[in-house]
Amino acid sequence: MTAQHDIVLELKGLTKRFPGIVANDSIDLQLRKGEILALLGENGAGKSTLMNMVFGLYQPDEGEIWINGQPVSMDTPSKAIELGIGMVHQHFKLVPPFTVTENIVLGMETKKGLAIDLKSSAQRIQELSDRYNLNIKPHAVVDTISVGMQQRVEIMKILYRGADILIFDEPTAVLTPQEITELLAILKGLAAEGKSIIIITHKLKEIMEIADRCTVIRRGKVIDTLEVAAASPEALAERMVGRNVSLHVDKEAAQPGERLLEVKDLHVKDSSGQNMLRGVSFDIRAGEIVGIAGVDGNGQSELIEALTGMMKIESGSIRLEGKEMANLSPRTVSELGVGHIPQDRHKHGLVLDFTVSENSVLKSYYNNPMSKLGILQESNIRKEAERFIESYDIRTPGTEVLARSLSGGNQQKIIIAREIEANPKFLIAAQPTRGLDVGAISFVHKQLIAERDAGKAVLLVSFELDEILDVADRILVIFNGQIVGETTPSATNEQKLGLMMAGKLGGESSNG
Amino acid sequence: MAKLKSLMNVFRQESIWISIISIFLGLLIGAIVMLVGGYEPVLAYQSMIEKIVGNPYDIGETIRSIMPLILTGLAVAVAFRGGMFNIGVEGQIVMGSIGALFVGYFLDLPPVLHAIVAIVVGAIFGGLWGMLVAWLKTSRGINEVVTCIMLNWSALYISHIVVRMFMMEEGTARSKLIQDSASIEIPFLIQWFDGARIHWGFIITMLLLVGYSFYMNKTKWGYELRAVGSSKHAAHYAGISVNKTIHRTFFISGMMGGLVGTFEILGVFKYLAIAPTTSGLGFDGIAVALLGMNTAIGILLAAALFGALMYGSQGMSFGADVPGEVIRMVVSIIIFFAAAPGMLRVLFQLRRSTRRKEVSARGNDSVSH
């Protein structure tokens, strides 16, 4: 490159193969001093593999890594740390009962005789924290601090070790909107202080906001590197998925039919006896998508679990086509025609140690044609999985690999295929696009709208306001176990919804 | 053809080699222990092998020692696959022998039928004793390990009471003998093996081994059991009744244990002794299941190893004058080394989720979880 930029990290023709797949195919990449470089790509494009090579967790099959103009062999993470590379993983690696300082110095404690000198470490942490505006309290116990703060401790850990190149793997995935804003400010500050940053993400909004340049990876290859200031989100999305994606959901106006689901005065208590739902009533018509907006923990999970029979209700009624289904078993509810894309795909939606085939029939395995006289019909089960893979474009090496080994987007597609192909009358989609990339999100949204247009009733529960505003036809706001407002996407906006979600604004007044 | 291929695949897995290497390491360290104690390890191992396969009688008795280990291995494995730890096989064995003894001693039935009824009752006794654990777990939330251990002792003392009250053989510390019509010995095989106590339990055990594999992998109940074992939440979401599956799992597991006791009564001893402790076979089953990685073929191999070692070790004292204590030490070392990889696997299973990226076939970018 030209001399005007100092290249701190350069990857030359990096290639990594896994059995049956080339995860990274001759990747070239340059990181300049003091810049924020976004690494954009779909789930399974090879971003994490690439960064794991840079951090010494994987060895490249071909290619070289250059740091400050010198070729290096990155055989272990400790070598990477020595060379000034630090990585903040998606899952934090902290010891919960330890203090912030103890966590940070772990493995490189300064000693004073035989004792560990935590005092001077804490002081240094305080200095670093002030310098980079991290606002860390060195003596707080990690157990007691928020997720956003824990992430800052992770950042501090690598700064403390003297990192100049900082790699962030999906750093905003676990954060609340407020925490995201704060993190992005911190990243900008770090770059301004001369640190070079690579951020792995598939959130276009964040890239537009903080990145200087963006390298796009698709199916293991570098597609393009763009100056963010001169690029549009649409252009980035198109490079990422390889075709035009509309970032806005196209849909016709809803044509609601008969009332399909009626919920009346629903009361639910959690296992500790706390009132989680306090008199929730609403209904959904055939052919409409009702969105439930709300901050996490205001009764959404309980509402879904009550509707699907996974949780007992205290009082009230849930009727599907006039038939009472409160307190029926999950299986009966599912057989009555309720589909459920669960919020936590790893906990509920899939048995991770089952194969793709086995997961495809998680709700139908016991019936003809998936089993006869109690014997599983393997060929029918495999055919079903193949059908799902084909029509939902699930990228998997085969039907007999473990669900655990697929990327999040493809795992989610298995669930969506299974729930939609069961042809439910009423479909519950809880956080259906959590952690998915742009291409997959648009796919999921289209599926939900197609279900609506096929005359199904759809309940969309989401913490993403964009999603609610884009996809739902009618919006209910849940707060503290009650529906506190009802509105429509055309009559409201993010700000108003945000206020309603905080319980500060009634639904009626937002209609004006 | 495909069957054979998949069978061979087992031996290609790295874990198989770990097991084989561990066994050799165990033998090696056992040898060192013997050397230090001033005994001849080569002679000792030679005598051990001679004891295992030296003559028809010993071959038969080796097989007889392997059989209960297969069953207890299966009992533990069923529970493992269902996500639970059945450390109560001991008690289930005792309950099975009580059931078989009752039928064998008190009922008057024609020969074959008598044995069948005794086997069924023994199995059900064991199964119900196992299900008691499951019921306490699902209804009261008591951890199965706690109840299992308590119920082991309860079963033992119940056996003492039952024998003393109903069928004590005067002047001995055991029950009266079962009737001949309930015996499950196979006379011509016993003759073949020079009097080794071979019985129909052997055939049933082999069938159960095949049945286990079929049940787990090919039936909807096996599917439910595995689903509950690997994720209770996902199973609940899928509409599987988690509690019912837990009860069923423990019933099957307990039945396997019950059959061990049943076969020992009907095929080997013909009586139930008033013993100060339980047999220990159930605990060995834990090691068998771990070493066999909960697969049918693995359990067969692991039980064969354990059974042969235990029976063969008797030869070491005859042939090489190794005292019993040293023999037990050597056998324990071998078992420890053999079972260690399995135990490590179980312990590290918890950490497997964090290693997801490495096993990924896609070299995937994992997303937020």
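Conventions adopted
- Residues numbered from 1 in each chain as written.
- Chains lettered and ligands numbered in written order.
- Predicted model: local features only at pLDDT ≥ 70, side-chain atom pairs only at ≥ 80, totals over all residues.
- Heavy atoms only, no water.
- Contact = heavy atoms within 4.5 Å.
- Buried area = accessible area lost by both parts, 1.4 Å probe.
- Salt bridge = Lys/Arg side-chain N within 4 Å of Asp/Glu carboxyl O.
- Polar contact = N/O pair within 3.5 Å; in protein donor to acceptor, adjacent residues only side chain to side chain.
- Helix = DSSP H or I, 4+ residues; strand = E, 2+ residues; numbered from the N terminus.
- Pairing = 2+ DSSP bridges.
- Axes fitted to C-alpha atoms, helices over the stretch in contact; angles between N-to-C directions.
- Parallel < 35°, antiparallel > 145°, perpendicular 65-115°, else oblique.
- Left-handed = near helix turned anticlockwise from the far one by under 90°.
- Nonpolar A, V, L, I, M, F, W, Y, C, P; charged D, E, K, R; others polar.
- Buried < 20%, exposed > 50% of the residue type's maximum accessible area, 1.4 Å probe, protein only.
- Domains from an automatic or database assignment.
- Expected span 1.5 Å × (residues − 1).
- Arc of directions from axis to C-beta.
- pLDDT = per-residue confidence, 0-100.

**Q** Provide a residue-level description of the interface of chain A and chain B, including the pertinent values.
**A** With 60 residues of chain A at the interface, the matching set in chain B holds 35 residues. Overall, the association of chain A and chain B removes approximately 4200 Å² of surface from exposure, summing both partners, and the carbon and sulfur fraction of that is 55%. Inspection of the region where chain A meets chain B yields two salt bridges. The partner of Glu358(A) in a salt bridge is Arg226(B), with the nearest N and O atoms 2.8 Å apart. Summed over the shared surface of chain A and chain B, the result is 14 residue pairs in polar contact (both at pLDDT 80 or more). Those elements that place two or more of their residues in the side of chain A that touches chain B are β2 (21–32), α1 (47–54), α10 (330–335), α11 (345–349), β20 (375–376) and α14 (408–421) of chain A. Among the elements that make up the side of chain A that touches chain B, the one with the highest residue count is α11(A) (five residues).

**Q** Quick rundown of the sheet that holds strand β16 (residues 315–320) of chain A? Include the residues and the values.
**A** Residues and elements named next belong to chain A. Spatially, four strands are ordered β14-β13-β16-β17 in an open sheet, and the strand pairing comes out antiparallel. Each edge of the open sheet carries a strand with a single partner, namely β14 (275–285) and β17 (323–324). Sheet analysis places strand β13 (residues 259–269) next to β16, joined by five bridges and oriented antiparallel. Paired with Glu-262 across the two strands is Arg-319, which belongs to β16.

**Q** Lay out the packing of helix α13 (residues 281–291) of chain B against helix α14 (residues 296–320) of chain B in plain terms, naming residues and giving numbers.
**A** All names here are of chain B. Interaxial distance between α13 and α14 falls to 7 Å at its minimum, and their mutual angle equals 135 degrees. In terms of orientation, α13 and α14 fall into the oblique class. Considering only the axes of α13 and α14, their crossing is right-handed. Within the contact between the two elements, α13 uses Asp-284, Ala-287, Val-288, Ala-289 and Leu-291 and α14 uses Ile-299, Ala-302, Ala-303, Leu-305, Phe-306 and Met-310. A class-by-class count of the residues in the contact of α13 with α14 yields 10 nonpolar, no polar and one charged.

**Q** So what's going on with the pattern of salt bridges? Which residues, and what values?
**A** Residues and elements named next belong to chain A. Per the counting criterion, the structure on display carries 36 salt bridges over all chains. The salt bridge partner of Asp-25 is Lys-221, with a shortest N-O separation of 3.8 Å. One end of the pair, Asp-25, is in strand β2; the other, Lys-221, is in strand β12 (residues 221–227), and 196 residues separate them in sequence. Residue classification places Asp-25 among the partly exposed residues on the basis of a relative accessible area of 29%. Note on Lys-221: relative accessible area 43%, which makes it partly exposed. Among the salt bridges present, the one from Arg-474 reaches Glu-288, with a minimum N-O distance of 2.8 Å. Taken together, the positions of Arg-474 in strand β23 (residues 474–479) and Glu-288 in strand β15 (residues 288–293) put the pair 186 residues apart, joining distant regions of the chain. Given a relative accessible area of 15%, Arg-474 falls into the buried group. Of the residues examined, Glu-288 reaches a relative accessible area of 4% and is grouped as buried. Beyond isolated ion pairs, a larger network of salt bridges with shared partners links Lys-251, Arg-452, Asp-453 and Asp-473.

**Q** Account for the sheet that holds strand β5 (residues 70–72) of chain A, with residues named and values stated.
**A** The pairing of strands in a sheet comes from backbone hydrogen bonds and takes either a parallel or an antiparallel form. All names here are of chain A. The four strands lie next to each other as β2-β1-β4-β5, forming an open sheet whose pairing is antiparallel. The outermost strands of the open sheet, each flanked by one partner alone, are β2 and β5. Within this sheet the neighbouring strands show an average axis-to-axis angle of 25 degrees, counted without direction. As defined by bridge partners, strand β1 (residues 7–18) adjoins β2 across eight bridges and the pair is classed as antiparallel. Looking at the pairing, Leu-11 lines up with Leu-29 of β2. This element, α1, spans β1, β2 and β4 (62–67) of the sheet and lies at about 120 degrees to β1.

**Q** Describe the domain arrangement of chain A, listing the residues and the values that go with them.
**A** Residues and elements named next belong to chain A. With domains assigned, chain A is organised as domain 1 (7–241), domain 2 (246–337 + 424–512) and domain 3 (350–422). Here the C-alpha centroids of domain 2 and domain 3 sit 26 Å apart. Every contact between the two is made by 12 residues of domain 2 and, on the other side, 13 residues of domain 3. Where domain 2 abuts domain 3, roughly 1000 Å² becomes buried across the two surfaces, and 64% of that area is made up of carbon and sulfur atoms. Three residues, Arg-331, Pro-424 and Phe-443, lead the burial of domain 2 against domain 3; their summed loss comes to 40% of the area buried on that side. At the junction of domain 2 and domain 3, the tally comes to zero salt bridges. Our count for the contact surface shared by domain 2 and domain 3 stands at three residue pairs in polar contact (both at pLDDT 80 or more). Taken together, the elements giving at least two residues each to the side of domain 2 that touches domain 3 come down to α10 and α15 (438–453). When residues of the side of domain 2 that touches domain 3 are assigned to their parent elements, the largest contribution, four residues, is made by α15. Its residues placed into classes, the side of domain 2 that touches domain 3 shows six nonpolar, three polar and three charged.

**Q** I'd like a description of helix α13 (residues 378–391) of chain A, backed by residues and values.
**A** Residue and element names in this part refer to chain A. An ideal rise of 1.5 Å per residue puts 20 Å on 14 residues; α13 measures up with 20 Å between its terminal C-alpha atoms. For α13, the set of buried residues is Ile-381, Glu-384, Ala-385, Phe-388 and Ile-389. Along the long axis of α13, the arc covered by the buried residues comes to 135 degrees, so they all point the same way. More than 90 degrees from the buried face of α13, the exposed residues found are Lys-383 and Glu-390. On its buried face, α13 sits against α12 (356–360), β20 and α14.

**Q** Pulling in residues and values, what's your account of the confidence of the model for chain B?
**A** Residues and elements named next belong to chain B. Mean pLDDT for chain B: 86, with 87% of residues reaching 70 or above. Confidence drops under a pLDDT of 50 for residues 6–12, and excluding neighbours within four residues, the segment shows four contacts in the predicted structure. Every residue in residues 350–369 is under pLDDT 50, and counting partners more than four places away or in other chains gives 62 contacts.

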